[in-house]
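Descriptive analysis of the structure
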Amino acid sequence: MAALLNSGLQAKGEAAFAPRSSGRTPRASLELPPPPRRGIFQKEKLSLSATGKRLSSVCAGVTVGSREMSEARDLAQRSLEAKPTVLVAEKLGEAGLKVLREMANVDCAYGLTAEELCVKISLCDALIVRSGTKVTREVFEASRGRLKVVGRAGVGIDNVDLHAATEFGCLVVNAPTANTVAAAEHGIALLAAMARNVAQADASMKQGKWLRNKYVGVSLVGKTLAVMGFGKVGSEVARRAKGLGMHVVAHDPYAAADRAHAIGVDLVSFDEAISVADFISLHMPLTPTTNKIFNDETFGKVKKGVRIVNVARGGVIDEEALVRALDDGVVAQAALDVFTQEPPAKDNKLVQHEKVIVTPHLGASTVEAQEGVAIEIAEAVAGALKGELSATAVNAPMVSAQVLSELAPYVILAEKLGRLAVQLVAGVSGVKSVKVTYASARAADDLDTRLLRAMITKGIIEPISDTFVNLVNADFIAKQRGLRITEEKEPNDGSPQQPLESIKVQIAHAESKFDSALSESRDITVEGKVKDGIPHLTKVGDFSVDVSLEGSLILCRQIDQPGMIGKVGSILGSENVNVSFMSVGRTAPRRKAVMAIGVDDEPAKETLKRIGEIPAIEEFVFLKL
């Protein structure tokens, strides 16, 4: 099979048959089976059953003693029963470890150096970390393609190289919900403790002092809190601050205004938020855009005497700039749970500053949150290792659990249509442009097709290359290969209760092994729909058919005349090839027709040749689903 989509493809196994005495040569194509089906997130992995068979084969040809043969059989059996290996690089709750141990070998190795992690990772299928372990490009390179999923036990993923993960086809999942309340509660705890000088007063009393006048605080009621980042944690902080009688504004370029208004929060610009706030609570992710976003320039725009809480990421604050703002009185106080470097140096100026209270990244550190995060990330990693879709995937299409469930049968349809379409391509032109049309009664903005596009990409690329494609790297691989995929949504009069009526895949500017697969626009065209939860092929080129997309498929173009189904069926039956279905689509009676035949097994080449020799058959192609 060809290695590159944009350098042309000609599938192996294409057979041309010699002309018969009639002088007409039927066009025929035999397609080798595509690579074994893999889960949506799964990588190609060593076939353990094949390993056992190879071992048995080797043993069969060598004279060995009974003990050696027994040991060989035991090795083969152990190979068949092998489980994936999960490396847990930072402490994870026992409840999560229990979930993982039910389906994997779990290696808990805490405090690894970068070098030690790179050595271990080549033997692991999954990696679970918190915020302290850096999962760099070097880690993915060292895994040599084995690493399938990285689980971040928490929300932030700035310690994982997402670009490298995507490039290597490794899924990254996080646990975004389990510690939401814990982080919000800690933010409110720091807010109140800072306002009332709780930490400083406690320290002074432990030194035998009684300094009531020194530690006079400020009230929260009636003050304005600016929540910077209105995601899960930020919105929960806002709810609690409203309960304390505070006026809350928020800034988040991606937040929905109606969601904010529902809890009495006004969404405003960044500059307006920091200029009106008495207190600022940070809940934004660390990205190139937010890195050191609170710097000298920002502090020059805040209300003098503002107080700042950070339970998000240390890197969003320029720590040296904050020290200057504290010393100048621009910022009255700060309460920090996170730092640019963790743990911070002992002489860190912020940690030692008298106007700052600090905690050692305790945002998610409650008994309940730790157990919840452990279970959430363990279930996400276990599911990914089984090839299941994940609603918490970070570098794959983010699709809600409800949408995942609703689209499940269409996911299968999308991949199979991609596989069918690409097996129909002939010549050296390759696949460069693909158009996908979704027919749906739903409004365009109520139909999320990212998941379907990824599966069509997977179906198109995998059968004709040695490249592994999954939801994580589908778009990356398509771009790398010069494959342009465009999508169009077509209104339909069906019921909006079902997401799609049909999916049509068209490959433009390509020769076809089966001319009847070309539509009027001369594009290779296949169309399908889901019936009773099962994907069906409903159109090939301009011919309507109705076949279940299971097993393998023979497409024949014929002159429409009586007895054709019987002739083909008899040939297949004589060779013990079971026919699962047949469907005929025609342009008009006694004219051209396309017969689609589903078979459970791959017919021998001689059997297919006999079908091609039936006088009324003009061309045919065998396709492996």
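Residues numbered from 1 in each chain as written. Predicted model: local features only at pLDDT ≥ 70, side-chain atom pairs only at ≥ 80, totals over all residues. Heavy atoms only, no water.

- The chain has the name D-3-phosphoglycerate dehydrogenase in an unreviewed UniProt entry, where Araucaria cunninghamii is given as its organism.
- Turning to the chain, the UniProt record has this under Catalytic activity (unreviewed entry): "(2R)-3-phosphoglycerate + NAD(+) = 3-phosphooxypyruvate + NADH + H(+)".
- Looking at the Subcellular location (unreviewed entry) heading of the UniProt record, one finds this comment for the chain: "Plastid, Chloroplast". (UniProt positions renumbered as here; feature names shortened; annotations may be inferred.)

1. Some points on the overall build of the chain
- Assigned secondary structure in the chain consists of 20 helices and 25 strands.
- Here the chain holds 625 residues, and 52% of them are scored as buried.
- Pairs at least 24 residues apart make up 67% of the contacts formed inside the chain by residues separated by at least 6 positions.
- When the accessible area of the chain is evaluated, it comes to approximately 28,400 Å², of which 52% is carbon and sulfur surface. (Helix = DSSP H or I, 4+ residues; strand = E, 2+ residues; numbered from the N terminus. Buried < 20%, exposed > 50% of the residue type's maximum accessible area, 1.4 Å probe, protein only. Contact = heavy atoms within 4.5 Å. Areas by Shrake-Rupley, 256 points an atom, 1.4 Å probe, with all protein chains shown as cover.)

2. Things to note about the nonpolar core
- Counting residues in hydrophobic clusters, the biggest one holds 83 residues, and the most contacted among them are L92, V381, V434, L452, I503, L537 and L553.
- Here the element with the most residues in this core is helix α16 (residues 401–423); it accounts for 10 residues.
- Beyond its immediate stretch of four places on either side in the chain, L553 contacts L420, L537, V547, F581, A596, I597, G598, V621, F622 and L623.
- By size, the runner-up hydrophobic cluster in this structure holds 29 residues, among which are M228, L282, L326 and L350. (Core = buried A, V, L, I, M, F, W, Y, C linked by side-chain atoms within 4.5 Å.)

3. Things to note about the sheet that holds strand β4 (residues 126–129)
- Strand order in the open sheet formed by 5 strands is β3-β2-β4-β5-β6, with parallel pairing between adjacent strands. Two strands close off the open sheet at either side, each with one partner strand: β3 (105–108) and β6 (171–174). Averaged over all pairs of adjacent strands, the angle between strand axes in this sheet comes to 20 degrees, irrespective of strand direction.
- Note: strand β5 (residues 149–152) against β6, 4 bridges, orientation parallel. The residue bridging V149 from the neighbouring strand is L171, located in β6.
- In this fold helix α3 (residues 94–101) packs onto β2 (85–88), β3 and β4, with an angle of close to 145 degrees to the strand it touches most, β3. (Pairing = 2+ DSSP bridges. Axes fitted to C-alpha atoms, helices over the stretch in contact; angles between N-to-C directions.)

4. Side note on the packing of aromatic side chains
- Applying the stated criterion across every chain yields a total of 3 aromatic pairs.
- Judged by centre distance (5.8 Å) and plane angle (55 degrees), the rings of F270 and F294 are tilted. Here F294 lies in the loop between β10 (279–282) and α12 (296–299) and F270 lies in helix α11 (residues 270–276), a separation of 24 residues in the sequence. Considered together, F270 and F294 belong to a single accessibility category, that of buried residues.
- Ring geometry for F294 and F299: centres 6.3 Å apart, planes at 50 degrees, overall tilted. (Phe/Tyr/Trp six-rings, centres within 6.5 Å; stacked < 30°, edge-to-face > 60°.)

5. Digging into the pattern of salt bridges
- Overall, the coordinates contain 27 salt bridges when judged by the stated rule.
- The closest approach of N and O atoms between E462 and R419, which form a salt bridge, is 3.3 Å. Placement of the pair is E462 in the loop between α17 (450–461) and α18 (474–480) and R419 in helix α16, with a sequence separation of 43 residues. Pair check on accessibility: E462 and R419 agree, each one buried.
- Close ionic contact of E575 with R610 constitutes a salt bridge, the shortest N to O distance being 3.1 Å. In this pair, E575 is assigned in the loop between α19 (564–574) and β23 (579–586) and R610 in helix α20 (residues 605–612), connecting sequence segments 35 residues apart.
- The exposure class assigned to E575 is partly exposed, which follows from its relative accessible area of 39%.
- Through salt bridges that share partners, E415, R419, K458 and E462 make up one connected network. (Salt bridge = Lys/Arg side-chain N within 4 Å of Asp/Glu carboxyl O.)

6. Description of the packing of helix α7 (residues 180–195) against helix α9 (residues 232–243)
- Running from N to C, α7 and α9 cross one another at 50 degrees; their axes reach a closest spacing of 8 Å. Of the possible angle classes, the one that applies to α7 and α9 is oblique. In this structure, α7 crosses over α9, and the sense of that crossing is right-handed. Of α9, the residues touching α7 (which contributes T180, V181, A183, A184, E185 and I188) are K232, V233, E236, V237, R240 and A241.
- When its residues are assigned to classes, the contact of α7 with α9 shows 7 nonpolar, 1 polar and 4 charged. (Parallel < 35°, antiparallel > 145°, perpendicular 65-115°, else oblique. Left-handed = near helix turned anticlockwise from the far one by under 90°. Nonpolar A, V, L, I, M, F, W, Y, C, P; charged D, E, K, R; others polar.)

7. Focus on the environment of R196
- Tracing the chain through its elements places R196 in the loop between α7 and α8 (198–206).
- Measuring from C-alpha to C-alpha, the distance between R196 and G217 comes to 4.3 Å, with 21 residues separating the pair along the chain.
- Excluding residues that lie within four positions of it along the chain, R196 makes contacts with Y215, G217 and V218.

8. Comments concerning the pairing of strand β21 (residues 543–548)
- Bridge count between strand β20 (residues 534–540) and β21: 4 bridges; the pairing is antiparallel. Bridge assignment links H536 to a residue of β21, and that residue is S548.
- What sits between the antiparallel neighbours β20 and β21 is a turn of 2 residues, in which G541 has the positive phi angle 60 degrees.

9. Regarding the packing of α3 against helix α15 (residues 367–385)
- Here α3 crosses α15 at 20 degrees, and the two axes come no closer than 7 Å. With respect to α15, the axis of α3 lies roughly parallel. Helix-helix and strand crossings are classified by hand; for α3 and α15 the assignment is right-handed. On the side of α3, the interface is formed by A95, G96, V99 and L100, while α15 contributes E371, A374, I375, A378, E379 and V381.
- In terms of residue class, the contact of α3 with α15 is made up of 7 nonpolar, 1 polar and 2 charged.

10. Looking at the confidence of the model for the chain
- Of the residues in the chain, 84% reach a pLDDT of 70 or more, and the chain-wide mean stands at 83.
- Predicted confidence is poor over residues 1–66, with pLDDT under 50, and the contacts of this stretch with residues over four places away or in other chains come to 154 contacts.
- When the criterion is pLDDT under 50, residues 75–80 qualifies, and its contacts beyond four places in sequence or with other chains add up to 7 contacts. (pLDDT = per-residue confidence, 0-100.)

11. Remarks on the environment of P360
- With respect to the secondary-structure elements, P360 resides in the loop between β13 (356–358) and α15.
- Each C-alpha atom, one on P360 and one on E342, is 8.4 Å from the other, the two residues being 18 residues apart in sequence.

12. Brief notes about unusual backbone geometry
- Of note, the bond from E342 into P343 is cis; its omega dihedral lies within 30 degrees of zero at -10 degrees.
- With respect to the helices and strands, P343 occurs in the loop between β12 (331–336) and α14 (349–352).
- Even without being glycine, R144 reaches a positive phi, approximately 55 degrees.
- Within the secondary structure layout, R144 lies in the loop between α5 (137–142) and β5.

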